[in-house]
Amino acid sequence: MAISTNFTVALLLIGVLQLISFTECRIHVLSGSEVTYPAINCRKHTAFLTDFGGNGDGQTSNTAVFQNAVKNLSQFADNGGAQLIVPPGKWLTGSFNLTNHFTLFIQFGAVILASQDEAEYPVVEPLPSYGHGRDGPGGRFNSLIGGSHLTDVIITGYNGTIDGQGSLWWKKFHKKKLKYTRPYLIELIYSNQIQISNLTLIDSPSWFVHPVYSSDIIIQDLTIRAPVDSPNTDGINPDSCKNVKIQDVFIVSGDDCVAIKSGWDEYGIKFGMPTEQMIIRRLTCISPDSAMIALGSEMSGGIKNIRAEDISAINTESAVRIKTAPGRGAYITDIFVDRMNLQTMKYVFWTTGSYGQHPDPGYDPNALPKVDGINYRNVVAKDVKMAGNMGGIDGDPFTGFCLSNVTIGLSEKPKKLQWNCTEISGVSSNVTPQTCDAFPDNGSMECEYPLDTVPVDTVELKTCSFTTANLIL
Ligand SMILES: *[C@@H]1O[C@H](CO)[C@@H](O)[C@H](O)[C@H]1NC(C)=O
Ligand SMILES: *[C@@H]1O[C@H](CO)[C@@H](O)[C@H](O)[C@H]1NC(C)=O
Ligand SMILES: *[C@@H]1O[C@H](CO)[C@@H](O)[C@H](O)[C@H]1NC(C)=O
Ligand SMILES: *[C@@H]1O[C@H](CO)[C@@H](O)[C@H](O)[C@H]1NC(C)=O
Ligand SMILES: *[C@@H]1O[C@H](CO)[C@@H](O)[C@H](O)[C@H]1NC(C)=O
Ligand SMILES: *[C@@H]1O[C@H](CO)[C@@H](O)[C@H](O)[C@H]1NC(C)=O
Ligand SMILES: *[C@@H]1O[C@H](CO)[C@@H](O)[C@H](O)[C@H]1NC(C)=O
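These notes cover the structure that comes with them. Nothing here was measured: the structure is a model prediction, and the numbers come from that model.

## Observations regarding the overall build of the chain
- A tally of helices and strands in the chain yields four helices and 28 strands.
- Taken over the C-alpha trace, the chain has a radius of gyration of 24 Å; the compact-globule value for 473 residues is 23 Å, and the two agree within 12%.
- Taken over 473 residues, the chain has a buried fraction of 57%.
- When contacts within the chain are restricted to residue pairs at least 6 apart in sequence, long-range pairs at least 24 apart make up 79% of them.
- Surface summary for the chain: the accessible area is close to 18800 Å², and the carbon and sulfur share equals 51%.
- Measuring between centres, the 36 positive side-chain charges of the chain sit 4 Å from its 47 negative side-chain charges.

Here you go:
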């Protein structure tokens, strides 16, 4: 008896040792080890998904488990906050919401698997600044991970994964089999002090990360992946948000890697909430049919004071693209781009004043957007089909463009016309190939880039920790 017990223990130990020697990174899976992570705030209380009966077999739905866990831990919101640890395993779940002063930590080897069952997603009202769901009129499925009117909420991990299992949703979308707008992967509404970091996000049913009507947001160290032909899988879409930082993110997707938005036509104009004060740093994007960063197309609350620096795109349709249309109203202004590295592109510069896509016929065609003060400097691009495809709106020209120190190497079969500039004006300096007449050379000048910092950029992260509870082999 004693011998066989010892034998079992010995076998177990060998198992553990093998695990350690195979992949050093799995050590922290072992019980009793400390995991540390950077966060805007640490929490006094710690709980594990398994405390609430979670089942990580990848088959059993944990929707009620997540919902109960968050509900239970919300009792600590005003008492030091709580962190919910998702241990290694595959945790299938439908939609759940977060709470105040709360951290969702997804451990290394942990995967949150999004349910493909529509019944697991409550149907919610359209956003007021959109008036409609984005896939069609009427309601929308709540996001996989949601929250509204929250303060101090963190979704992070040791490179844990959230898998949206989007393929079935994409199929249904293409076949027009969906009654409501597809769920986003993460959507936080009317919230402030948000951190989303150190995660791998894959195959969202639609947009991946959607903070809306929110402020003081840090999004960093993310890997986001969806097939390049998947519909509307935008990476990160800050929408009517203020004071935002996005940095060190790698995105492969079927739509824009980052799309800065602020509501749609008459609904967005009425709501009137801009996206402003934002920095994007060290973004790498692959998106053959879309932009690295799109401004719009929904921009009816306005977009201003946006900086992007040290950004790279590979095999992407365009770089920092402006998308708008009559009916959108508002403005896109004070946009600053510094140090852009591009490899294999259709267009380096692309502005579209006739994007179309209206929520309904009730939009005002006389609501013309003002596009002014758009600065690009220090751009290197290789294997490019066309340098600039830049159109404004008839009777509403885009103004104040500045292009400096831009070197564009063309592809083997470039377009004959390298610059097509209509209803647009500005200046340039040191741009190859030579620009259109709309951007006359202004001698040796540098386009502007602000010297001050976006407030959220000075936030120092604290070192938080917890001790792992379970030994999972
Ligand atoms: C949930 O909170 C209550 C206190 O309100 C506590 O007694 C209970 O143990 C908690 N449930 C779990 C599963 O931790
Ligand atoms: C999540 O919050 C939304 C409001 O943002 C609400 O409509 C929905 O019912 C909530 N979901 C759950 C499971 O409580
Ligand atoms: C978060 O990601 C950064 C960059 O990859 C890394 O330096 C840091 O160690 C990560 N932290 C955790 C807790 O995973
Ligand atoms: C995180 O994991 C993914 C695979 O799931 C990997 O591609 C990526 O490089 C990892 N990121 C970090 C920072 O370790
Ligand atoms: C022009 O841009 C390149 C690439 O960013 C940079 O290396 C170079 O220093 C810039 N030149 C000037 C004069 O700023
Ligand atoms: C140039 O752009 C305008 C307006 O965007 C468009 O109508 C025209 O067809 C374009 N010309 C060429 C040659 O692509
Ligand atoms: C163009 O150059 C002139 C003279 O160097 C300068 O005063 C002016 O500000 C420049 N224009 C822009 C838009 O930078």
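## Regarding the state of the cysteines
- Summed over the entire model, instances satisfying the criterion amount to four disulfides.
- In this model Cys42 forms its disulfide with Cys464; the gap between the sulfur atoms is 2.1 Å. One disulfide, between Cys42 and Cys464, carries an S-S torsion of -85° and so falls in the left-handed class. With Cys42 in the loop between strand E1 (34-39) and strand E2 (45-48) and Cys464 in strand E28 (residues 462-467), the pair connects residues that are 422 residues apart, well separated along the chain.
- A sulfur-sulfur distance of 2.1 Å marks the disulfide that ties Cys257 to Cys285. One disulfide, between Cys257 and Cys285, carries an S-S torsion of 75° and so falls in the right-handed class. Linking Cys257 in the loop between strand E17 (242-252) and strand E18 (258-260) with Cys285 in strand E19 (residues 275-286), this pair joins segments that are 28 residues apart in sequence.
- A relative accessible area of 0% places Cys257 in the buried class.
- Overall, Cys285 belongs to the buried group, its relative accessible area being 0%.
- Cys257 supplies the cysteine sulfur nearest to Cys241, a cysteine that is in no disulfide, at a spacing of 19 Å.

## A few points about the pattern of salt bridges
- In total, this model carries 19 salt bridges according to the counting rule given.
- Here Arg182 and Asp135 are joined by a salt bridge, their closest N and O atoms 2.8 Å apart. With Arg182 in the loop between helix H3 (167-174) and strand E13 (186-189) and Asp135 in the loop between strand E8 (123-124) and strand E9 (140-141), the pair connects residues that are 47 residues apart, well separated along the chain.
- Shared partners join several salt bridges into a network, and the residues in it are Asp310, Asp338, Arg339, Arg377 and Glu446.

## Considerations on the site of ligand 6
- Taken together, Leu417, Asn420 and Thr422 form the complete shell of residues around ligand 6.
- Computed on the free molecule, ligand 6 has an accessible area of 360 Å², of which 32% lies beneath the protein chains in the complex.

## Quick notes on the sheet that holds E13
- Read from one edge to the other, the open sheet built from four strands follows the order E5-E10-E13-E15, with strand pairing classed as parallel. Of all the strands in the sheet, just strand E5 (96-97) and strand E15 (209-212) have a single pairing partner and so form its edges.
- Relative to E15, E13 is paired through four bridges, and the arrangement is parallel. Residue pairing across strands places Leu188 opposite Pro211, the latter belonging to E15.

## Let's talk about the side chain of Arg281
- Of note, Arg281 is situated in strand E19.
- Of note is the side chain of Arg281, whose polar atom sits 2.7 Å from the side chain of Asp457.
- Apart from residues no more than four positions distant in its own chain, Arg281 is found in contact with Lys245, Ile246, Gln247, Asp248, Glu309, Asp310 and Asp457.

## Describing the site of ligand 7
- Taken together, Val427, Asn442 and Met445 make up the full set of residues adjacent to ligand 7.
- Contact with the protein chains removes 30% of the 360 Å² of surface that ligand 7 exposes when unbound.

Calculation rules
- Residues numbered from 1 in each chain as written.
- Chains lettered and ligands numbered in written order.
- Predicted model: local features only at pLDDT ≥ 70, side-chain atom pairs only at ≥ 80, totals over all residues.
- Heavy atoms only, no water.
- Helix = DSSP H or I, 4+ residues; strand = E, 2+ residues; numbered from the N terminus.
- Rg over C-alpha atoms; globule rule 2.2 N^0.38 Å.
- Buried < 20%, exposed > 50% of the residue type's maximum accessible area, 1.4 Å probe, protein only.
- Contact = heavy atoms within 4.5 Å.
- Areas by Shrake-Rupley, 256 points an atom, 1.4 Å probe, with all protein chains shown as cover.
- Lys, Arg positive; Asp, Glu negative; His and termini not counted.
- Charge placed at Lys NZ, Arg CZ, Asp CG, Glu CD.
- Disulfide = S-S within 2.5 Å.
- Salt bridge = Lys/Arg side-chain N within 4 Å of Asp/Glu carboxyl O.
- Near = heavy atom within 4 Å.
- Pairing = 2+ DSSP bridges.
- Polar contact = N/O pair within 3.5 Å; in protein donor to acceptor, adjacent residues only side chain to side chain.

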